[in-house]
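Overview (structure and organization)
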Amino acid sequence: MSYIPKPSFRHPQLPVNDLGLTVRDYEGALSTLCAGCGHDSISSAVMQACHQMALEPYRVAKMSGIGCSSKTPNYFLNQAHGFNAVHGRMPSVTTGANLANRDLIYIGMSGDGDTASIGIGQFIHAVRRRLNMVYIVANNGTYGLTKGQNSATADRGSLAKKGSANPWDNVDLVTMAIQAGAGFVARSFSGDKAQLVPLLQAAIAHNGFAFIDCISPCVTFNNHRGSTKSFDYVREHNTALNRTDFIPMKEEITADYQPGEFTDVCLHDGSVMRLHKMAADGAAGYDPQDRVAALDHIQRRSAAGEVLTGLLYLEPNAPDMHEVMETAEQPLNQLGERELCPGREVLQTINASFR
Amino acid sequence: MKPTQTDSNFYHQVVDCQWACPAHTPVPEYIRLIASQRYTEAYMVNWESNVFPGILGRVCDRPCEPACRRGRIDEEPVAICRLKRVAADNRGDVIPLLPAVPEQKNGRKIALIGAGPASLTVARDLAPLGYEIEIFDREIKGGGMMWTQIPRFRLPARVLDEEVNYILDRGVKLHANYEVTSLKAMVEQGYDAVFVGTGAPRGRDLDIPGRTAAAQHIHIGIEWLASVAFEHVSRVGRRVIILGGGNTAMDCCRTSRRLGGESVKVVVRSGFDEMKASAWEKDDAVREDVEILNFLVPKAFLHTDGRLTGMRFEPVRAVYQGSKRSLVPTGEPPVEIACDEVIIAVGQENAFPWIEQDMGVTFDSWGMPVVDRVTFQSTHEQVFFGGDAAFGPENIITAVEHGHQAAISIHRYCQGLTLQERPPPGVTCVSQKIGMHEWRYDNDISEDPRYQVPHADKKIALLDQKMEVELGFDTAAGYAEAMRCLNCDVHTVFTEKACIECDACVDICPTHCISFVANTGEQQLRARLTAPAQNLQQPLLVSAPLATERVMVKDEDVCLHCGLCAERCPTGAWDMQKFLIKMAQAC
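- If you look chain B up in an unreviewed UniProt entry, it shows as dihydrouracil dehydrogenase (NAD(+)) from Exilibacterium tricleocarpae.
- According to its UniProt record, chain B has this under Subunit (unreviewed entry): "Heterotetramer of 2 PreA and 2 PreT subunits."

- Naming follows an unreviewed UniProt entry, where chain A appears as 2-oxoacid:ferredoxin oxidoreductase subunit beta of Exilibacterium tricleocarpae.

Comments concerning the overall build of chain B
- Within chain B one finds 22 helices and 22 strands.
- The C-alpha atoms of chain B give 26 Å as radius of gyration, which agrees with the globular expectation for 587 residues (25 Å, within 12%).
- Based on the C-alpha atoms only, the size of chain B along its principal axes is roughly 85 × 65 × 45 Å.
- In chain B, which comprises 587 residues, the share counted as buried stands at 49%.

Comments concerning the domain arrangement of chain B
Residue and element names in this part refer to chain B.
- When cut into domains, chain B gives domain 1 (98-201 + 350-414) and domain 2 (203-347).
- Domain 1 and domain 2 are separated by 32 Å when their C-alpha centres are compared.
- Of the residues lining the interface, six residues belong to domain 1; the matching set on domain 2 comes to ten residues.
- In the side of domain 1 that touches domain 2, the residues fall into four nonpolar, two polar and no charged.

Here's the deal with the sheet that holds strand E3 (residues 173-175) of chain B
All names here are of chain B.
- One open sheet accounts for five strands, arranged E3-E2-E1-E4-E16; its pairing is parallel. Where the open sheet ends on each side, the last strands, each with one partner, are E3 and strand E16 (383-385). The sheet shows a mean angle of 20 degrees between the axes of neighbouring strands, direction not considered.
- In the packing of helix H17 (residues 396-414) onto the sheet, the strands contacted are strand E1 (109-113), strand E4 (193-196) and E16, and the crossing angle to E4 comes to about 170 degrees.

Some points on the interface of chain A and chain B
- Contacts between the two partners involve 24 residues from chain A, matched on the other side by 29 residues from chain B.
- Those elements giving two or more residues to the side of chain A that touches chain B turn out to be helix H1 (38-52) and helix H8 (231-237) of chain A.
- No other element matches H1 of chain A, which puts four residues into the side of chain A that touches chain B.

Details of the sheet that holds strand E2 (residues 81-84) of chain A
Residues and elements named next belong to chain A.
- Taken in spatial order, the eight strands of this open sheet run E2-E1-E3-E4-E8-E7-E13-E9, and their pairing is mixed. Where the open sheet ends on each side, the last strands, each with one partner, are E2 and strand E9 (238-240). Averaged over all neighbouring strand pairs, the angle between strand axes comes to 20 degrees, with direction disregarded.
- Looking at chain direction, strand E3 (residues 105-111) and strand E4 (residues 133-139) are connected through five bridges and run parallel. Each residue of the ladder has a partner; that of Gly-111, found in E4, is Ala-138.
- In the packing of helix H3 (residues 90-100) onto the sheet, contacts are made with strand E1 (60-64), E2, E3 and E4, and the angle to E3 comes to roughly 175 degrees.

Side note on the UniProt feature "domain: Thiamine pyrophosphate enzyme TPP-binding" (unreviewed entry) in chain A
- As recorded in UniProt, the sites labelled "domain: Thiamine pyrophosphate enzyme TPP-binding" (unreviewed entry) are residues 66-214 of chain A.
- Span residues 66-214 of chain A is 34% helix and 23% strand, its end C-alpha atoms 17 Å apart.

So, the nonpolar core
All names here are of chain B.
- Formed by 251 residues in total, the largest nonpolar core has its most connected members in Ile-34, Phe-195 and Ile-242.
- Ranked by residues supplied to this core, first place goes to H17 with nine residues.
- Counting contributing residues, this core receives three or more from each of domain 1 (98-201 + 350-414) and domain 2 (203-347).
- If sequence neighbours within four positions are ignored, Ile-34 has contacts with Tyr-39, Ala-42, Leu-83, Val-86, Ala-87, Gly-478 and Ala-482.

Examining the confidence of the model for chain B
- For chain B, per-residue confidence averages 95 on the pLDDT scale, and residues scoring 70 or more make up 100% of the total.
- Across the interface, the model reports ipTM at 0.91; the global pTM reads 0.91.

Focus: unusual backbone geometry
Residues and elements named next belong to chain B.
- Despite not being glycine, Glu-501 has its phi angle at roughly 55 degrees, a positive value.
- Checked against the element boundaries, Glu-501 lands in the loop between strand E18 (490-494) and helix H20 (504-508).
- Of the residues examined, Glu-501 has 19 C-beta atoms within 10 Å and is grouped as partly exposed.
- Unusually for a residue other than glycine, His-561 sits at a positive phi of about 55 degrees.
- If you trace the backbone, His-561 turns up in the loop between strand E21 (550-555) and helix H22 (564-568).
- By the C-beta count within 10 Å, which is 23 here, His-561 ends up buried.

Parameters and conventions
Residues numbered from 1 in each chain as written. Chains lettered and ligands numbered in written order. Predicted model: local features only at pLDDT ≥ 70, side-chain atom pairs only at ≥ 80, totals over all residues. UniProt positions renumbered as here; feature names shortened; annotations may be inferred. Helix = DSSP H or I, 4+ residues; strand = E, 2+ residues; numbered from the N terminus. Rg over C-alpha atoms; globule rule 2.2 N^0.38 Å. Buried ≥ 20, exposed ≤ 12 C-beta atoms within 10 Å, placed from the backbone. Domains from an automatic or database assignment. Contact = placed C-beta atoms within 7 Å. Nonpolar A, V, L, I, M, F, W, Y, C, P; charged D, E, K, R; others polar. Pairing = 2+ DSSP bridges. Axes fitted to C-alpha atoms, helices over the stretch in contact; angles between N-to-C directions. Core = buried A, V, L, I, M, F, W, Y, C linked by C-beta atoms within 7 Å. pLDDT = per-residue confidence, 0-100.

Given below as structure tokens:
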């Protein structure tokens, strides 16, 4: 952390978005995380994504649980809504919030402990329900707040800071999310904003559960030789499946690539996600909309010791929770008393339908 | 781009104020001393570099301020000049701190002609080395143009005399009231070297109809100011016209306001913005009810029976062809302005009627001596020039720098060393880190707007031409203004091999100076950064290739030197290092 407040002076040529805001208007409080923490880069990527999409901060709700990762919503989008839930309960609280107000953009910030350990039961069901939210796991494979024990996502054999190898198999969150029905699943790396920012934009535009497993090295407890979540290890083993461009709905798509080099996927809100295939082994015929193939590819690359990143799976048109449950179009918190308490006669009609 | 050579020149350039200062005074260093109320030390840092802190703290041309980085991120730059005055106003006894002048001389004798800032600087630099210094000046006391051309309401006699005497009291012999009429004779008197610092003593005249007939009420600006300084003139007509738009014109109009001028008009050929006068001097004149009239070319002095009645002007407008401007008559009828006196302040010229053509000092076609820009030596190896006498009218701080350089040359010349070889500057670069988040400088910069210097009540100030108008910052305002300084001399120093490319510095930087990008040519690189680096005057700091084959590029343009990059850096790849460069002097 730093002791001085960040000066408010900004670069005079800093780009402004359609709202007339610069990226500095999307900042939060100054981070109190360790200097160099990957989580701060994720916060910064969220700010950049929201700035580039010209999201009004008041349309965003930042949801989190407990952990280093869950502190980060304090460090971006000061003007947004926020809820810091009990450890591991962020998915459930977000489910409730989303039911009450479906108009907000929910950005859940969680960590490997908050999601893969204490919150795993909450997480898996939010995925299953295709809750319309962006769920980011800042994944560092270690419990930083409690001084560096291996977390559930630490790879088997990864060395802890004191040298002991992790004897357990890891929970692979992307596999889990795909299996449980998430419509948007990606893996990225806090040290690669060029990849992370467009993925975040597409995740925000996606209708349904958008999951990003973001490897975010813990500089204090898990950035040493032998760790599989260190900056160096991830950079050396990173296999990027594809590169993403996010093209907002209103922008005209100009083709400056040869056909076959990319695939355009139209997202729910009309924006387009352009996937550029990378030359990685096995990526040539990769179809991110084929769930079985995606799961197979992730397993194979993982077995080969690679850290597969990019957009892994996408099902752009799957119905989200509201569609499945046929909830009211208007958010509950905007319905009047007449709609919420329609009276005895309506109740009698409902009761009659069960007889 | 190739990795930046982070040599002393690179770091010096980043300290905009110091780089812009002709004498390269370490500005942030003395501003920090002011902030910690160490006024005497702040004064001495100045004195060592610019010789006249109290004088310059009032009347410097302040090339540092337009250069100040603060001006690029905030409304206005740091009030550097006025902070210098805070140091001067609050200093303790500095005489014991001045360098000792040896009793035993080194046997070399140097003559300095003219007792202005250039000569005084030469004297100051050479006297402690044991040189016997003699200064010759035609006026009754030392100070040169600082005494004759700058009005006392801007520079009180007490302040001027004190700093001039710091030098003259140190075994330097001043021959006052001594007009040198022959340089040849001077050289033949056996001086080892002669330094000419006689300024630009001739005010330019305006040869238009009526000039001779109405001569009694028409004056040359700098001569008239000198007459006021020597109290030969104490009144001026009720209606005064000043011709010219430079700082001398501003001094003339404001002096006129104090000597009975009620309706004082400055009439200028060019537009208001192109006037040569410093913006603040124009402001001060306007504040004292001086009217500034632009785009009027003087055509004739109007008079009846030798009595000046007014002036005729031709209205013009500016026409640009590329960057070349010409003033074209508008065709409107001429403008006549009634007046009782006219002061011509349209420029100054050099004049060396006392330098013999055949003595070995070559003059160019403009009548200026041929002087080496580095050594300040003329074509006569024993004769050196400096100040306005060398290359035409500049300002005090430039004259001081000329003096320093000439003193180095004279010292080397007397030792039989080559003059082109210059002694290197003294450079120190010291990490400012003292703890996890603690630095040896205050990196929490103030976001206050520039503080305004209080002025004396105009009604009272206009009654007395010796009463100082600017009152200077008090210590509280001086502290607050000092805190606006960004400490640009505390540099962000980057070590490639420690960098893990975690982006922490990129994310924290308040002004988006830092980017990690694929390397390319400078032009594309400047466009590729997080915020475009459009200010081509400001260098890029480019690292060697990193592990990802990208390079770290820092645009120095709007860096706040807040040190947050170094605070957020987990590996110490960024460090904040204070870079002090002390330009070489003879002493």
